[in-house]
Every structure is written in C-alpha cells, then in structure tokens.
Amino acid sequence: MIDKTARETQAIRDARMLFAEALTDLGLMEPFFNRTAAEIDRLIEAAVTGYVDSMQDQAARKERTGTALDDEIPF
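Keep in mind it's a predicted model, so treat the numbers as computed, not measured. (Residues numbered from 1 in each chain as written. Predicted model: local features only at pLDDT ≥ 70, side-chain atom pairs only at ≥ 80, totals over all residues. Heavy atoms only, no water.)

### Section: the overall build of the protein
Going by this rule: Only DSSP runs of H or I with at least four residues qualify as helices, and only runs of E with at least two residues qualify as strands; both kinds are numbered from the N terminus onward. For every accessible area listed, the method is Shrake-Rupley and the probe measures 1.4 Å; residues are considered covered only by the protein chains on display.
Looking only at helices and strands, the protein features three helices and zero strands. The secondary structure elements of the protein, listed N-terminal to C-terminal, are α-α-α. Approximately 6800 Å² of the protein is accessible, and the part contributed by carbon and sulfur atoms is 58%.

### Description of the packing of helix 1 (residues 6-25) against helix 3 (residues 37-59)
Here is the rule: Axis angles are defined between N-to-C directions and span 0 to 180 degrees, where every axis is a line fitted to C-alpha atoms and, for a helix, only to the segment in contact. Here roughly perpendicular refers to angles of 65 to 115 degrees, roughly parallel to angles under 35, roughly antiparallel to angles over 145, and oblique to all remaining angles. Should any heavy atoms of two residues lie within 4.5 Å, those residues are considered in contact.
For the pair helix 1 and helix 3, interaxial distance at closest approach is 10 Å and the crossing angle is 90°. As far as their axial angle goes, helix 3 and helix 1 are roughly perpendicular. Judged by residue contacts, Ile12, Ala15, Arg16 and Phe19 of helix 1 engage Ala37, Ile40, Asp41, Leu43, Ile44 and Glu45 from helix 3.

### Remarks on helix 1
Our working rule: For a helix, the expected span equals 1.5 Å multiplied by the number of residues minus one. Bend is computed residue by residue as the angle between axes fitted to the seven residues ending at the residue and the seven residues starting at it.
Here helix 1 spans 30 Å end to end across 20 residues, near enough to the 28 Å set by a 1.5 Å rise per residue. If you look at helix 1, its biggest bend is around 30°, right at Arg16. One or two steps after helix 1, the chain reaches Gly27, where phi turns positive at roughly 70°.

### Re the side chain of Asp41
For the record, the criterion: Here a polar contact means two N or O atoms within 3.5 Å. Within protein one must be a hydrogen donor candidate and the other an acceptor candidate, and residues neighboring in sequence count only if both atoms are side-chain atoms.
Mapped onto the elements, Asp41 comes out in helix 3. Reaching out from Asp41, the side chain makes a polar contact with the side chain of Arg16 at a distance of 2.7 Å.

### Digging into the packing of aromatic side chains
The test is simple: Pairs were defined over the aromatic rings of Phe, Tyr and Trp, the Trp ring being its six-membered one, requiring ring centres within 6.5 Å. Orientation was assigned from the angle between planes: stacked under 30 degrees, edge-to-face over 60, tilted for the rest. When a residue's accessible area, from a 1.4 Å probe over protein chains only, is under 20% of the maximum for its type it is buried; when over 50% it is exposed; and in between it is partly exposed.
Tallying each qualifying case throughout the model produces one aromatic pair. Here Phe19 and Phe32 contribute two aromatic rings whose centre-to-centre distance is 6.0 Å and whose plane-to-plane angle is 85°, an arrangement assigned as edge-to-face. Placement of Phe19 in helix 1 and of Phe32 in helix 2 (residues 29-32) is noted, with a sequence separation of 13 residues between them. Given a relative accessible area of 24%, Phe32 falls into the partly exposed group.

### Some details on a nonpolar patch on the surface
Defined as follows: To count toward a patch, a residue needs a relative accessible area over 30% and no salt bridge; like charges are then connected within 9 Å, while nonpolar side chains (Val, Leu, Ile, Met, Phe, Trp, Tyr) are connected within 5 Å. Just to be clear on terms, a salt bridge is a Lys or Arg side-chain nitrogen sitting within 4 Å of an Asp or Glu carboxyl oxygen.
Taken together, the side chains of Val48, Tyr51, Val52 and Met55 define a hydrophobic patch exposed on the protein surface, amounting to about 380 Å² of accessible area. Taking the relative accessible area as the measure of exposure, Met55 reaches 42% and is therefore partly exposed.

### What to know about the pattern of salt bridges
As enumerated under the stated definition, the model contains three salt bridges in all. Note that Glu45 and Lys4 form a salt bridge whose closest N and O atoms lie 3.2 Å from each other. Placement of Glu45 in helix 3 and of Lys4 in the segment before helix 1 is noted, with a sequence separation of 41 residues between them. Looking at Lys4, the relative accessible area reads 27%, which means it is partly exposed. Between Arg16 and Asp41 there is a salt bridge whose closest N-O contact spans 2.7 Å. On the criterion of sequence distance, the pair formed by Arg16 in helix 1 and Asp41 in helix 3 is long-range, its members being 25 residues apart. Given a relative accessible area of 17%, Asp41 falls into the buried group.

Here's what the structure looks like:
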C-alpha cells in the first residue's frame with residue numbers, strides 16, 4: 001500500500017464506477033456486491049500500480065520494431 005496523495009485517492013474513488021460497470025458487463029458483480037469501498041479501492045490500486053510499474057519498466061528498455069534490422073549488429 002502506498003501513501004496516496006489526495007488526487008490519487010480521488011482518482012481511485014472515481015474509478016469505482018467504471019470498475020463496477022466492467023464487473024456488471026462481465027457478469028461478475030455478484031461476488032463484489034457486498035465488498036467495502038476500501039476493498040474495491042485496494043483492487044483498483046493493485047491494477048493501477050501493476051500497470052504503471054509495467055509501463056515504467058517498458059519505458060526503460062528500447063522498444064523493438066520487429067524488423068530484420070531491429071537487433072544489434074553482431075560484429
């Protein structure tokens with residue numbers, strides 16, 4: 001758990017509605033219906049943290065283009 005700023009706390013709170021809509025669309029709302037706001041926020045925070053960490057890790061590496069000239073020249 002991170003020490004969130006007021007904006008981060010508000011953003012997580014704002015994401016609850018989209019999270020609920022996605023759960024409903026996928027037919028998964030029932031197991032989450034009686035969860036507390038803090039538990040839902042924890043799930044959202046975990047997803048956001050994982051996403052941001054991955055994007056930062058990827059940004060630290062050169063993106064491959066998939067072309068034949070993408071690899072370093074071996075000599």
